[in-house]
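Chain by chain, the residues run as shown.
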Amino acid sequence: MKTRVSTLIFVLFATITFAQSTSEAPIQNISPDSTVEYRLFSTRNTWTFIKLNTRNGQMWQVQWHFESEKRFETILSDISLVNKEEEKNGRFFLYPTTNSYNYILLDQINGRAWQVQWSIEVEKRMVTPIY
């Protein structure tokens, strides 16, 4: 009996510990919305988000942290993907892929798509059209 109780306590403790230490990104139940200009998209990295201007497709990598010197925002793409007169809130949306570092950016009006790759290393960041 004592062994069963000890085993049960161990299993409960292990389950609670594992559940609290998961590194999975929070689940986002967001869908395209035509009313907002900016959106934050979580990545599977604890510290990293992608900020998207939904009007023109510009993006930034945003890293938060408890230590101020590890917090930053950097450009992924500062080029508008449409002309100024074609900008519209909710036009662009990011979709995750099975690769933690890659997303698909979709222009929801004309269907054009881009591969978006974020990284801590500058030379590995990219936004490239998918033809």
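Described below are features of the structure shown in this document. These figures come from a predicted structure and were not determined experimentally.

Moving on: the nonpolar core. Of all hydrophobic cores here, the largest spans 15 residues; its most connected members are Ile50, Leu52, Met59, Phe92, Leu94, Leu105 and Val116. Elements that contribute at least two residues to this core include exactly β2 (48–53), β5 (92–96), β6 (102–107) and β7 (113–117). It is β5 that provides the largest number of residues to this core, a total of three residues. Ignoring sequence-local partners within four residues, the contact set of Leu52 consists of Glu37, Tyr38, Arg39, Phe41, Gly57, Gln58, Met59, Phe92, Phe93, Leu94 and Leu105.

Next up on the list: the packing of aromatic side chains. With the rule as written, the count across this model stands at eight aromatic pairs. Between Tyr38 and Trp60, the aromatic rings sit 6.2 Å apart at their centres with planes inclined by 50°, giving tilted as the arrangement. Of the two residues, Tyr38 sits in strand β1 (residues 38–42) while Trp60 sits in strand β3 (residues 59–63), which places them 22 residues apart along the sequence. Taken together, a centroid distance of 5.2 Å and an interplanar angle of 85° make the contact between Phe41 and Phe93 edge-to-face. Highlighted residues: Phe41 in strand β1 and Phe93 in strand β5, separated in sequence by 52 residues. When sorted by exposure, Phe41 lands in the same class as Phe93, which is buried. These aromatic residues form a ring-pair network of at least three members: Phe41, Phe93 and Tyr95.

About the thresholds
- Residues numbered from 1 in each chain as written.
- Predicted model: local features only at pLDDT ≥ 70, side-chain atom pairs only at ≥ 80, totals over all residues.
- Heavy atoms only, no water.
- Core = buried A, V, L, I, M, F, W, Y, C linked by side-chain atoms within 4.5 Å.
- Buried < 20%, exposed > 50% of the residue type's maximum accessible area, 1.4 Å probe, protein only.
- Helix = DSSP H or I, 4+ residues; strand = E, 2+ residues; numbered from the N terminus.
- Contact = heavy atoms within 4.5 Å.
- Phe/Tyr/Trp six-rings, centres within 6.5 Å; stacked < 30°, edge-to-face > 60°.

The values are spatial; any link to function lies outside them.
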